[in-house]
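Examining the three-dimensional arrangement
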Amino acid sequence: MSEPKTAEIVLSLEIDDPALADRLAALLGNVAGLRLAAPGETAAATVVARDPRSMPEDIALTQRELDVLALMAEGGSNKMIARQLGISVHTVKFHVGSLLDKLDATGRTDAVAHAARRGVIEL
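Residues numbered from 1 in each chain as written. Predicted model: local features only at pLDDT ≥ 70, side-chain atom pairs only at ≥ 80, totals over all residues. Heavy atoms only, no water.

Let's talk about the packing of helix H2 (residues 63–73) against helix H4 (residues 89–102)
- Between H2 and H4, whose axes approach to 10 Å, the crossing angle comes to 90°. With respect to their mutual orientation, H2 and H4 come out roughly perpendicular. For the pair H2 and H4, contact is made by Arg64, Glu65, Val68, Leu69 and Met72 and by His95, Val96, Ser98, Leu99 and Lys102, respectively.
- By residue class, the composition of the contact of H2 with H4 is 5 nonpolar, 2 polar and 3 charged. (Axes fitted to C-alpha atoms, helices over the stretch in contact; angles between N-to-C directions. Helix = DSSP H or I, 4+ residues; strand = E, 2+ residues; numbered from the N terminus. Parallel < 35°, antiparallel > 145°, perpendicular 65-115°, else oblique. Contact = heavy atoms within 4.5 Å. Nonpolar A, V, L, I, M, F, W, Y, C, P; charged D, E, K, R; others polar.)

Following this line, the structure appears as structure tokens:
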């Protein structure tokens, strides 16, 4: 008896750096059960990497703050973010505080929502 076939996950890439986009496409193209979307095709998920210099001018976030914000958007705890980025939990808390100030947010969820509305990140 054969196993039921699982559907492919269709993934699109929205990456400002062409070299990075090519590297990711090459790596992801070899992952079983995953297929990169053709231009104009609807995808189940999108990998987004924007040049931090292209964000709205009224919000000046550092690359590390953008890294923390992206992991916050994924629901990461301070401890998980610290492990992922190789920094201390204290440093993550510092960056989260800075993000709350810069985005005029009342909490982590509010910061992610503000960032998405203002085009700093895409959800």
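Remarks on the pattern of salt bridges
- On inspection of all chains with the given rule, the structure shows 4 salt bridges.
- Of the charged contacts, one joins Glu8 and Arg35 as a salt bridge, the two residues approaching to 3.1 Å between their closest N and O atoms. Of this pair, Glu8 sits in the segment before strand E1 (9–15) while Arg35 sits in strand E2 (residues 34–36), and the two are 27 residues apart along the sequence.
- Judged by relative accessible area, which is 48%, Glu8 ranks as partly exposed.
- Linking Asp67 and Arg64 is a salt bridge whose minimum nitrogen-to-oxygen distance equals 3.9 Å. Remark: Arg64 and Asp67 occur in helix H2; sequence separation between them is 3 residues, near one turn of the helix.
- Salt bridges here are not isolated pairs; linked through shared partners, they connect Glu8, Arg35 and Glu41. (Salt bridge = Lys/Arg side-chain N within 4 Å of Asp/Glu carboxyl O. Buried < 20%, exposed > 50% of the residue type's maximum accessible area, 1.4 Å probe, protein only.)

Observations regarding unusual backbone geometry
- With a phi angle near 55°, Asp104 is a residue other than glycine that sits in the positive phi range.
- Note that Asp104 resides in the loop between H4 and helix H5 (108–117).

A word on the side chain of Glu65
- Mapped onto the elements of the fold, Glu65 is located in helix H2.
- A residue is classified by how much of its surface remains accessible, and Glu65, at 4% relative accessible area, is buried.
- Polar side-chain contacts of Glu65 include one of 2.5 Å to the side chain of Ser98.
- Residues in contact with Glu65, not counting those within four places in the same chain, are Ala60, His95, Ser98, Leu99 and Lys102. (Polar contact = N/O pair within 3.5 Å; in protein donor to acceptor, adjacent residues only side chain to side chain.)

A short note on the sheet that holds E1
- As summarised here, the arrangement of the 3 strands in space is E2-E1-E3, forming an open sheet in which the pairing is parallel. Each edge of the open sheet carries a strand with a single partner, namely E2 and strand E3 (45–49). Direction aside, neighbouring strands of the sheet carry axes that sit 30° apart on average.
- Taken together, the 3 bridges between E1 and E2 define a ladder with parallel strand orientation. The residue bridging Val10 from the neighbouring strand is Arg35, located in E2.
- Of the strands in this sheet, E1, E2 and E3 touch helix H1 (residues 18–28), which is tilted by about 165° from E1. (Pairing = 2+ DSSP bridges.)

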